[in-house]
Amino acid sequence: MSPPGRSAPASPGGATTGPAAPGRAVTGPATSVSRMLEAGSVAVVGASARPGSFGEQLMRELLAGGYQGRLHPVNPRWTAVLGLPCLPSLADLPEPVDLAILAVPNARLEEQLRAAATARAASAVIFASAHERPAPGVPPLSERLRAVALQAGMALCGPNGMGFLNLERRLRACGFPHPPDLRPGPIALVTHSGSAFSALLHNRRGLRFNLAVSSGLELVTGAAAYLDYALELESTRMVALFLETLREPAEFRAALAKAAARDVPVVALTVGRGERGSAMVAAHTGALAGSEAAWEALFDADGAHRVRSLDELADTLELFAAGRRAGVGGLATVHDSGGERAHLVDLAEEAGVPLPPIAEATRRRLASVLEEGLEPANPLDAWGTGNDAERIFLEAMIALVEDPAVAAVALCVDLTTEPLPGTGYPAVALGAACATAKPVAVLANLASAIDPRDAAIVRDGGVPVLEGTATGLTALRHLLDHRDLRARPPLEPPAPTPAAA
């Protein structure tokens, strides 16, 4: 692909499309959605050289992300922006671009979207809210924008969103700052919340994304289309969703079925469960929040995992991202505190996480390792005098993970600072993970007590660090649920409803 500001050969008909995203086979004409998310040519309407402006930040995000396509700033107030020639209008573009980014206020949205359609742009991103003061006899601005895009066959991200990042394509269609060193990873994110979009991209726990979309009001292109696109990427190993409503139920259900067929876990946070939350969704998006029963039925039918908080979402994503899947059995846990062990048992019962009894052979093996007075059981409190603790904990972890009733093992400690990097509990967790192919995790009891250095050592070794007893346990339950859902026989469709009924 050509560097910014330089031209490249156009495809037949004058439209330009960049090469396929890494690991993605493109057959036949590119759709408007794929041309948007893989844009080989971008026009930024409202690009600016004024420091601190939204138009400047948009340009800086594109350049800082290493975008390699053809980039066209558009603004009649400037002749150049960040070293690139700036065009007065979309009519002056040298080519029909794949993506028009509209960094303009509501009052200019319709005018500029029509200009993009006339210039044969394949898609657009809108950040503004698309709200205006109602006028008698005039359709709302959102309806007019939708009509323009549909008539032109354009994909449309937004309005009232934060755009998208395709990290595999080094394409940042977003005017809000994000870390410059973001690297692509296995998670595809689609969210109705722009703040959740930003928070997850700024996470400090190593969660990495190949695609992140803040879809906004979804006037044209909805979550189902983004989900379907992400599932065509070989790099997508799991999907994260933050949903306020569902605008295309049939298409979304088909995408969930595709994810299930490809064994790509889908982890979803839905909001608007209560009466007040539902009213807020309606005020924010103009759509009705999904009912609890409908969400439960939808996700249960296709094996998606529903979470209740962003912390639970992050823990579940990190656990699945480690790549290990649960086999037969339940969870074994190792503790250095009797009180925190009892706390975990209470929460495990509430979360429905099985803590199975261990075999007699495992009990004898543990008894040979533990100090006097410690019961060889699951869950296990392995802390005695503290002498030779690292060896005792490691041997106990290995003994438990090799028990036939254990599907996964968690080291449940606070992960406070060790005297020397890589010693103590980080060494125990990494040693246990090297001794088995089963899932191994550190389950920290208090997120604010976790030492960042030691957590990074554990994570760099491929072992997830779950940041809270309750959220970590529910993440482990999702891991066990995924095993059970995969083993479930296909659902039999109901008999056709009689015509008379």
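Basis of the calculations
- Residues numbered from 1 in each chain as written.
- Predicted model: local features only at pLDDT ≥ 70, side-chain atom pairs only at ≥ 80, totals over all residues.
- Heavy atoms only, no water.
- Helix = DSSP H or I, 4+ residues; strand = E, 2+ residues; numbered from the N terminus.
- Buried < 20%, exposed > 50% of the residue type's maximum accessible area, 1.4 Å probe, protein only.
- Areas by Shrake-Rupley, 256 points an atom, 1.4 Å probe, with all protein chains shown as cover.
- Pairing = 2+ DSSP bridges.
- Right-handed = clockwise from strand over helix to strand, strands pointing away.
- Salt bridge = Lys/Arg side-chain N within 4 Å of Asp/Glu carboxyl O.
- 1 Å grid on protein atoms, 1.4 Å probe; cavity = no way out; pocket = protein on both sides within 12 Å on 5 of 7 lines; lining within 4 Å.
- Points joined across faces, edges and corners; volume = space filled by probe spheres on them.
- Nonpolar A, V, L, I, M, F, W, Y, C, P; charged D, E, K, R; others polar.
- Polar contact = N/O pair within 3.5 Å; in protein donor to acceptor, adjacent residues only side chain to side chain.

Turning our eyes to something else, we now look at the overall build of the protein chain. Of regular secondary structure, the protein chain possesses 16 helices and 19 strands. Within the protein chain, the fraction of its 501 residues that count as buried is 53%. Element-wise, carbon and sulfur atoms account for 56% of the exposed surface of the protein chain, whose accessible area totals about 21,300 Å².

Right, let's talk about the pairing of strand β6 (residues 123-126) for a bit. On β6, burial covers both faces: Ser123 and Val125 on one face and Ala124 and Ile126 on the other are all buried. In this structure, strand β5 (residues 99-102) lies alongside β6, joined through 3 bridges in parallel fashion. Considered in β6, the bridge of leucine 102 is made with isoleucine 126. Sheet topology note: the β6/strand β7 (residues 155-157) ladder contains 3 bridges and is parallel. Within β7, the position partnered with valine 125 by the bridge is cysteine 157. Read from β6 through helix α4 (residues 141-152) to β7, the crossover connection turns out right-handed.

Before going further, it helps to examine the pattern of salt bridges. Using the criterion set out here, one finds 30 salt bridges in the structure. A salt bridge links arginine 486 to aspartate 263; its shortest N-O distance comes to 3.4 Å. Taken as a pair, arginine 486 in helix α16 (residues 469-487) and aspartate 263 in the loop between α7 (249-261) and β13 (266-270) lie far apart in primary sequence, 223 residues in all. Exposure remark for arginine 486: the relative accessible area of 43% places this residue in the partly exposed category. When its relative accessible area of 29% is taken as the criterion, aspartate 263 is described as partly exposed.

This part covers empty space enclosed by the protein. A complete count under the given rule lists 1 cavity of 30 Å³ or more for this structure. Roughly 40 Å³ of volume is contained in the largest cavity. Residue classes in the lining of the largest cavity are distributed as 4 nonpolar, 1 polar and 3 charged.

So, about the side chain of aspartate 381. Mapped onto the fold, aspartate 381 is located in strand β16 (residues 380-381). Polar side-chain contacts of aspartate 381 include one of 3.4 Å to the backbone nitrogen of glycine 338. A distance of 3.2 Å separates the side chain of aspartate 381 from the backbone nitrogen of tryptophan 383, its partner in a polar contact.

In short, the description is geometric, and any link to function would need to be established separately.
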